[in-house]
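Reading the structure
One-letter residues, chain by chain:
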Amino acid sequence: MSAAMDTESTYSGYSHYSGHSKKAHRQGSRDRHKSPRSKDGSRSEKSVTIQTPPAEPLLGNDASRAEEGQDDNWGETTTAITGTSEHSISQEDIARISKDLEDSVGLDCKRYLGLTVAAVLGLLVFLTPIAFILLPQILWRDDLEPCGTVCEGLFISVAFKLLILLIGTWALFFRQPKADIPRVFVFRALLLVLIFLFVFSYWLFYGVRILDSKDTNYQGIVQYAVSLVDALLFIHYLAIVLLELRQLQPMFTVKVVRSTDGESRYYSLGHLSIQRAALVVLENYYKDFTVYNPALLTASKSRAAKHMAGLKVYNVDGPGNNASGQSRAMIAAAARRRDSSHNELYYEEADHERRVKKRRARLVVAVEEAFTHIKRLQAEEQQKAPGEMMDPREAAQAIFPSMARALQKYLRTTRQQQYHSMESILQHLSFCITNNMTPKAFLERYLNPGPTLQYDRDRWFSKQWTLVSEEAVTSGLQDGIVFVLKCLDFSLVVNVKKIPFIKLSEEFIDPKSHKFVLRLQSETSV
């Protein structure tokens, strides 16, 4: 109980600072909204600004300007300004978003329609052999020839083959869909059409040659049903080859580049369509690429803005002069300042690395001391009664305040605070305590940014993707194809290259070529 009160008291100041920061942010947002109207009234009438609130970071977001200006010994009087993500869109973009919503509704209807058709067709396939056997027994039972031993053995064959077909169909087709693709899967649609034509042909032959004539050869009718089940098993084998085995052999190498920071990965793919290759790329993106952090890109933007803000152009020839002279003057001034800009970049990066190393060392020491304290508490709890022992959640709340400030400073310095809330850190800490993990294992999540799957889904910046391709998305991969996967804040550019044909030759080495004779001439002293 005391640990929980300490935790609440530690973060009581944060709510106070967040209240001031939200007021300051609302005031600043109103000023920003007023300024475009005064400069360009037509533009303000055609655009609308959508602000998305932050998802409760650890202790608020830290702006880049505040990060540059703060020292290493800032205290509780520091005000943390919580940031928001702002996206200005026009009326055309709003119309496009509404169209995308309509398209998504159409995709859902298309998906459920496809599932319904597949389910009805599958039910028809499994009931058809049973109907072939039962209909003669129901309609003209007295006229049928007696079923001998061979005929009764065929019943067992049909039952086990249908069971095998049912298990294989469940394993191959009845899977939870991982994504919604924009177009129909060609091979699956081809298999459905083939099965429909195949079953329809069998029913047509059965109706003309058996039902109309009331064939009395019951063993031949059962053999006809067995042939249908055998053909369905061969179609299932064809489905395995087309849907699973065909894509296993690597034929292409794709390079995936994230447009914002240039991070890239290489993957090997087989014979796939463009839309299925896009799904494979996205599945690997969530586990291989580090999480997208737009806060890391603000440093370069602020540096460029500060560099351009230092340039001043004076028009000495009066307002009637052409503006091309001003542009030439700015280019010349930028060229003169270019020689000194690399020094500023070098010292800024060196200072940032020094600050990160210093706060990382403080964090490591604080976490090690906290885990040492929890071990001491565990040793004390073992001497108490079983009912008085703390659970991992209470232990995490007890040691968290001792490391909270060091962790907060480090996450703000590395601009990771928007991905880690206090609740998620407490859950991870209690998980580490439960499984008796070391301080290094606890810090692994925070010292190095992990893949997107490591974080909560509401922290992702990429949830809905749009596939952009010059070729049809149902066409197969080819050498030189480029397609783009777009989300709200960035995009993935995928470049496809075919694996080259490799020609190997063999060179035979004669084993006798390695043999040699060593002749020694003995010399004797006289």
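Each residue is numbered by its place in its chain's sequence as written, counting from 1. Given that this is a predicted model, residues contribute local features only at a pLDDT of at least 70 and side-chain atom pairs are listed and counted only at 80 or more, while totals for whole chains, interfaces and linings are drawn from all residues. Think of the side-chain values as coming from all heavy atoms in the structure, minus any hydrogens and water.

Take the overall build of the protein next. Helix and strand assignments follow DSSP, with helices taken as H or I runs no shorter than four residues and strands as E runs no shorter than two, numbered in order from the N terminus. Helix and strand counts for the protein stand at 14 helices and seven strands. The buried label goes to any residue with under 20% of its type's maximum accessible area, the exposed label to any with over 50%, and the partly exposed label to all in between, with areas taken from a 1.4 Å probe on protein chains only. When the 526 residues of the protein are sorted by exposure, 30% land in the buried category. Split by element, the accessible area of the protein, about 34400 Å² in all, is 58% carbon and sulfur. Only the protein chains shown count as cover for residues, and the accessible areas themselves come from Shrake-Rupley with a 1.4 Å probe.

Okay, a nonpolar patch on the surface next. Patch rule: a residue counts if its relative accessible area is over 30% and it has no salt bridge; like charges are joined within 9 Å, and nonpolar side chains (Val, Leu, Ile, Met, Phe, Trp, Tyr) within 5 Å. We define a salt bridge as a side-chain nitrogen of Lys or Arg found within 4 Å of a carboxyl oxygen belonging to Asp or Glu. Judged by side-chain polarity, F155, I156, F160, L163, L166, I167, W170 and F174 come together as a nonpolar surface patch covering roughly 890 Å² of accessible area. We classify F155 as partly exposed; its relative accessible area is 32%.

Mean pLDDT over the protein works out to 75, with 67% of the residues at or above the 70 mark. Confidence per residue, as judged by the predictor, is encoded in pLDDT with a range of 0 to 100. The criterion used for residue contact is that any of the two residues' heavy atoms lie within 4.5 Å. Throughout residues 1–95 the model reports pLDDT below 50, and contacts reaching past four residues in sequence, or to other chains, amount to 123 contacts.

Okay, the packing of helix 12 (residues 392–413) against helix 14 (residues 439–447) next. Think of each axis as a best-fit line through the C-alpha atoms, taken over the contacting stretch in the case of a helix, with angles from 0 to 180 degrees between the N-to-C directions. Following both chains from N to C, one finds helix 12 and helix 14 inclined at 30°, their axes separated by 11 Å at the closest point. The pairing of helix 12 with helix 14 is recorded here as roughly parallel in orientation. From helix 12, M403, L407, Y410 and L411 reach across to helix 14, where they touch F442, Y446 and L447. Classification used: nonpolar for Ala, Val, Leu, Ile, Met, Phe, Trp, Tyr, Cys and Pro, charged for Asp, Glu, Lys and Arg, polar for all others including Gly. Its residues assigned to classes, the contact of helix 12 with helix 14 comprises seven nonpolar, no polar and no charged. When describing relative orientation, an angle under 35 degrees is termed roughly parallel and one over 145 degrees roughly antiparallel, while 65 to 115 degrees is termed roughly perpendicular and anything else oblique.

Let us look at the pairing of strand 3 (residues 252–258). Only one face of strand 3 is covered, namely the one carrying F252, V254, V256 and R258; the face carrying T253, K255 and V257 has none of its residues buried. Taken together, the six bridges between strand 3 and strand 4 (residues 264–269) define a ladder with antiparallel strand orientation. Residue pairing for strand 4: K255 is matched across the bridge by Y266. Here the rule is simple: two strands pair whenever DSSP picks up at least two bridges between them. Remark: five residues form the turn of the hairpin made by strand 3 and strand 4, two consecutive strands paired antiparallel; G262 in that turn has positive phi of roughly 80°. With seven bridges connecting them, strand 3 and strand 7 (residues 491–498) associate as antiparallel partners. For T253, the partnering residue across the bridge sits in strand 7 and is K497.

We now examine the state of the cysteines. Any two cysteine sulfur atoms lying within 2.5 Å of each other are counted as a disulfide. The full count for this structure, using the stated rule, is one disulfide. Shown here is the disulfide that connects C147 with C151, its sulfur atoms set 2.0 Å apart. The disulfide joining C147 to C151 has a torsion of about -110° about its S-S bond and is therefore left-handed. Residue classification places C147 among the partly exposed residues on the basis of a relative accessible area of 25%.

A separate point is the UniProt feature "transmembrane region" (unreviewed entry) in the protein. UniProt positions are given in the numbering used here, feature names are shortened, and annotations may be inferred rather than shown by experiment. The UniProt feature table records "transmembrane region" (unreviewed entry) at residues 112–134, 154–173, 185–205 and 225–245. This span, residues 185–205, is 95% helix and 0% strand, and a straight line between its end C-alpha atoms measures 31 Å. Each end of residues 225–245 is marked by a C-alpha atom, and these two atoms are 29 Å apart; helix forms 100% of the span and strand 0%.

So, on to the nonpolar core. The nonpolar core is taken to be a set of buried Ala, Val, Leu, Ile, Met, Phe, Trp, Tyr and Cys residues, with the residues joined through side-chain atoms within 4.5 Å. Ranked by size, the top nonpolar core spans 29 residues in total, and within it F132 and F198 carry the most contacts. When contributions to this core are tallied by element, the ones reaching two or more residues are helix 5 (91–139), helix 6 (149–173), helix 7 (186–211) and helix 8 (218–245). With 11 residues, helix 8 is the single largest residue contributor to this core. Counting residues in each nonpolar core, the second largest holds 27 residues, with A406, L411, L426 and I433 among its members.

Alignment of strand 6 (residues 482–486) against strand 7, held across five bridges, turns out to be antiparallel. Counterpart to L485 in the pairing with strand 7 is L492. Where strand 6 folds back onto strand 7 in an antiparallel hairpin, the turn is made up of four residues.

The next subject is unusual backbone geometry. Unlike most non-glycine residues, R415 shows phi in positive territory, near 60°. Tracing the sequence through the fold places R415 in the loop between helix 12 and helix 13 (422–434). Although it is not a glycine, N436 adopts a positive phi angle of roughly 55°. On the secondary structure map, N436 appears in the loop between helix 13 and helix 14. Given a relative accessible area of 64%, N436 falls into the exposed group.

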